[in-house]
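Structural overview for review
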Amino acid sequence: KTLEGHTRSITCMAYVPDEQALFTGSDDNKVKKWNVQTGFEVKTLDGHTDRISCMVYIHVPDGAGPNHGFLRQHGEEVECEDG
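In this report, we go over the structure that sits alongside the text. (Residues numbered from 1 in each chain as written. Predicted model: local features only at pLDDT ≥ 70, side-chain atom pairs only at ≥ 80, totals over all residues. Heavy atoms only, no water.)

Pairing is antiparallel in the open sheet, where 4 strands are placed in the order β1-β2-β3-β4. Of all the strands in the sheet, the pair left with one neighbour each is β1 (10–16) and β4 (41–45). Strand-to-strand twist in this sheet, taken as the mean axis angle between neighbours without regard to direction, amounts to 20°. (Pairing = 2+ DSSP bridges. Helix = DSSP H or I, 4+ residues; strand = E, 2+ residues; numbered from the N terminus. Axes fitted to C-alpha atoms, helices over the stretch in contact; angles between N-to-C directions.)

Tracing the backbone shows T24 in strand β2 (residues 21–26). Only 2.7 Å separates the side chain of T24 from the side chain of H6, close enough to count as a polar contact. Among the polar contacts made by the side chain of T24, one reaches the side chain of W34 at a distance of 2.8 Å. Those residues in contact with T24 that lie beyond four places of it in its chain are H6, I10, C12, M13, K30, V31, K32, W34 and M55. (Polar contact = N/O pair within 3.5 Å; in protein donor to acceptor, adjacent residues only side chain to side chain. Contact = heavy atoms within 4.5 Å.)

With that settled, consider unusual backbone geometry. Note: most residues except glycine have negative phi, and most peptide bonds are trans. Positive phi is not limited to glycine here, since Q20 has a value of about 50°. With respect to the helices and strands, the residue Q20 is situated in the loop between β1 and β2. For N29, which is not a glycine, the phi torsion comes out positive at approximately 70°. Secondary-structure assignment places N29 in the loop between β2 and β3 (31–35).

Structure follows, in C-alpha cells:
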C-alpha cells in the first residue's frame, strides 16, 4: 500500500507496535501518523521549521512514567498521542 499525504520525500520512519502505527517524517517539515492496518493517515504534526531528518520512538514501560512514548527530532520531543 502506498501512503499518500506528504508533499515532499519521506526521509525517516518510526514504527510504534503498541499502537500499530507508523510515523513518517518528510522534507515537507511534517510528521504524519498512519494506521498500519488501514494505511490511512491518522494525524499530521506540523509546525516544524525545517525538514524532518530523523526520529526514534522511545517506549515508556507501564509503571515507569506516562503511558506513551516520544518521537525525537533535532532535539525536540514530540509526544505520541493516543488516536
